[in-house]
Amino acid sequence: MSVPTLQTPPHSANTVPDAQPGPGHSADIPGHADAWHIGAPRLLAGLADGHRSLDARAHLSTHGPMPATDLHRLLAHLDAVQLTGRGGAGFPLATKVRALRGSDRTVIVNGSESEPASRKDRVLLTRSPHLVLDGALAIADAISARRVQVAVHDPRAEAAVRAALRERPDAGRVRVERLAGGFVSGEARAVVRGLSAGPSMPALPPGRRDLPTDSGRLVVNTETAAQVAVLLRMGWRRYLDTGTRTEPGTTLLTIGGAVARPGVVEVPLGTRLDIVLRAAGAVNPVAVVTGGYHGSWLLPIGAIELSRTGLAAAGGVLGAGVLMVLDSHTCALGELSRVTGWLAAQSAQQCGPCMFGLPALAGDVAALLAGTPHAADGAFAHVHAVTGRGACAHPDGTARFVSSALHVLQDEVDAHRRGGCGRPTLGQLPVGDPR
């Protein structure tokens, strides 16, 4: 039995069936997020059929056997659907495959989900690990890689993947590695570095020009590996049945903040923002953070399409597939200050923009919260000073997060200059250990 296609007209993700709940809410599954879908699921297939997780038998019953794959077939499928990575950067996977150098090759599944607002990779690793392993091993077969490494920092994800490997005859090619946590440790090059350094050392990103493909390492996000497994089973023609013409298929979004139904939702790419907000039970949202804490703040305009091009047109990013909703009960400027301070503390301490620029930027936002006149000028100056100058992308992402917020929250900034907004900071944007 192959994965069912979404029950939506081709290329019309704005008209989707009602959202369907998963088997339980997050309160029912300790340490896990609720998983649900809009339209028929692909990645989350089977999880709404009474299964909290899919063991090998349930996985095969749901998805069917994995077809044999070679490099020609893999690239043909990736090119046909223009599959991009789901980890944040959105880089075309076929381009990465073609960029591989050397004969000693490794596939690395980056499951080190260090974004506090994201749960999608952990949902896949803990509830549908065989789908991720299928995709990773298919890629390994295609590129003649001798091994697959699955990098995680969450002990529940590690345990789930190890349990899945005990059910597989091809488990000998796969190693599961638990790395130290930390926001910047989830970056692909940091993961590669962490795998070499060992679990006791923090995984820090190297310089921007250090590309894993140059040394034969193909790093794929957890969802990307699962997408490959779905694509190869369905074939590219059926994969194109949903999503948009330029971005076909589905994607996973972690939705949280001021919503009645937080969790991980699978949607066709191009689904309108208002459809997802309504399904999640958002009431009178005032702002939405898209893409995570290296992403952007947007006004909750319902017509925004949830795809890379749709969000980019609105000034946002899909990034790590995060939608965090803020409502009028919290102080949005306080939420911004709280997260900016946390991001500054997550610095890799490897360059001036991280060591000095981000703390200064956090101080500017704290001054705005306190109502200090002209603090916005300092914030924008520090945004400009750190952008493009860091040893890794952390300063750039933080700068984008802050500058987009200040554009959206101008009325809030003005209110604080006049004495404050009168609302508490409720912590609708989570920080801290993402486990």
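The structure displayed is predicted, hence computed values, not measured ones.

Participant: Explanation requested: the overall build of the protein in the structure shown.
Facilitator: Of regular secondary structure, the protein possesses 16 helices and eleven strands. Out of the 435 residues belonging to the protein, those deemed buried represent 59%. Put simply, of all contacts in the protein between residues at least 6 apart along the chain, 74% involve residues at least 24 apart. Carbon together with sulfur atoms contributes 54% to the accessible area of the protein, which is approximately 16,500 Å² in total.

Participant: Looking at this model, I keep getting lost on unusual backbone geometry. Mind explaining?
Facilitator: Leaving glycine aside, a negative phi is the common case for residues, and trans is the common case for peptide bonds. Even without a glycine there, the phi angle at Asn284 is positive, about 50°. Summarising the element assignment, Asn284 is placed in the loop between helix 10 (273-280) and strand 9 (285-290).

Participant: Whenever I open this one, the environment of Val161 confuses me. Can you help?
Facilitator: By the secondary structure assignment, Val161 is in helix 6 (residues 155-165). Val161 sits in the buried class, given a relative accessible area of 1%. Each C-alpha atom, one on Val161 and one on Val150, is 8.4 Å from the other, the two residues being eleven residues apart in sequence. Contacts of Val161, omitting those with residues within four sequence positions, involve Leu125, Leu133 and Val176.

Participant: Looking at this model, I keep getting lost on the pattern of salt bridges. Mind explaining?
Facilitator: Two side chains carrying opposite charge are able to pair once their charged atoms lie near each other. As enumerated under the stated definition, the model contains 18 salt bridges in all. For Asp134, the salt bridge identified is with Arg233, shortest N-O distance 2.7 Å. Residue Asp134 is located in helix 5 (residues 129-143), and its partner Arg233 is located in helix 8 (residues 222-234); the two are separated by 99 residues in the primary sequence. Overall, the relative accessible area of 6% leaves Asp134 in the buried class. Linked by salt bridges that have partners in common, Arg86, Lys120, Asp121 and Glu223 make up one network.

Participant: When you look at the sheet that holds strand 3 (residues 106-111) in this model, what are you seeing that I'm missing?
Facilitator: Note: strands within a sheet are paired through backbone hydrogen bonds, in either parallel or antiparallel orientation. The strand order across the open sheet built from four strands is 5-4-3-6, with neighbouring strands paired in parallel fashion. Each edge of the open sheet carries a strand with a single partner, namely strand 5 (174-178) and strand 6 (217-221). Direction aside, neighbouring strands of the sheet carry axes that sit 25° apart on average. Where strand 4 (residues 147-152) meets strand 5, five bridges bridge the pair, whose relative direction is parallel. Bridging from a neighbouring strand, Ala151 pairs with Glu177 of strand 5. Helix-sheet contacts for helix 8 involve strand 3 and strand 6, and the interaxial angle to strand 6 is about 90°.

Participant: Explain the pairing of strand 4 here, please?
Facilitator: In the case of a regular strand, side chains alternate between the two sheet surfaces. Counting buried positions along strand 4 gives five out of six residues, so the element sits mostly inside the fold. Sheet topology note: the strand 3/strand 4 ladder contains six bridges and is parallel. Its bridge partner being in strand 4, Thr106 is matched across the sheet by Arg147. Handedness of the crossover joining strand 4 and strand 5 through helix 6: right-handed.

Participant: Where do I start with the packing of aromatic side chains in this structure?
Facilitator: Any two aromatic rings considered together are summarised by their centre-to-centre distance and by the angle between their planes. Counting across every chain of the model gives three aromatic pairs. For the ring pair Tyr293 and Trp342, a centre distance of 6.5 Å and an interplane angle of 75° mean the geometry is edge-to-face. Placement of the pair is Tyr293 in the loop between strand 9 and strand 10 (296-298) and Trp342 in helix 12 (residues 332-345), with a sequence separation of 49 residues. For the pair Tyr293 and Trp342, one class covers both residues: buried. Here Tyr293 and Phe401 contribute two aromatic rings whose centre-to-centre distance is 5.5 Å and whose plane-to-plane angle is 65°, an arrangement assigned as edge-to-face. Taken together, the residues span a long stretch of sequence, with Tyr293 in the loop between strand 9 and strand 10 and Phe401 in helix 15 (residues 394-408) at a distance of 108 residues. Comparing Tyr293 with Phe401, the two get one shared label, buried. Joined through ring pairs, the aromatic side chains of Tyr293, Trp297, Trp342 and Phe401 make up one cluster.

Basis of the calculations
- Residues numbered from 1 in each chain as written.
- Predicted model: local features only at pLDDT ≥ 70, side-chain atom pairs only at ≥ 80, totals over all residues.
- Heavy atoms only, no water.
- Helix = DSSP H or I, 4+ residues; strand = E, 2+ residues; numbered from the N terminus.
- Buried < 20%, exposed > 50% of the residue type's maximum accessible area, 1.4 Å probe, protein only.
- Contact = heavy atoms within 4.5 Å.
- Areas by Shrake-Rupley, 256 points an atom, 1.4 Å probe, with all protein chains shown as cover.
- Salt bridge = Lys/Arg side-chain N within 4 Å of Asp/Glu carboxyl O.
- Pairing = 2+ DSSP bridges.
- Axes fitted to C-alpha atoms, helices over the stretch in contact; angles between N-to-C directions.
- Right-handed = clockwise from strand over helix to strand, strands pointing away.
- Phe/Tyr/Trp six-rings, centres within 6.5 Å; stacked < 30°, edge-to-face > 60°.

Geometric descriptors of this kind do not, in isolation, establish any biological role.
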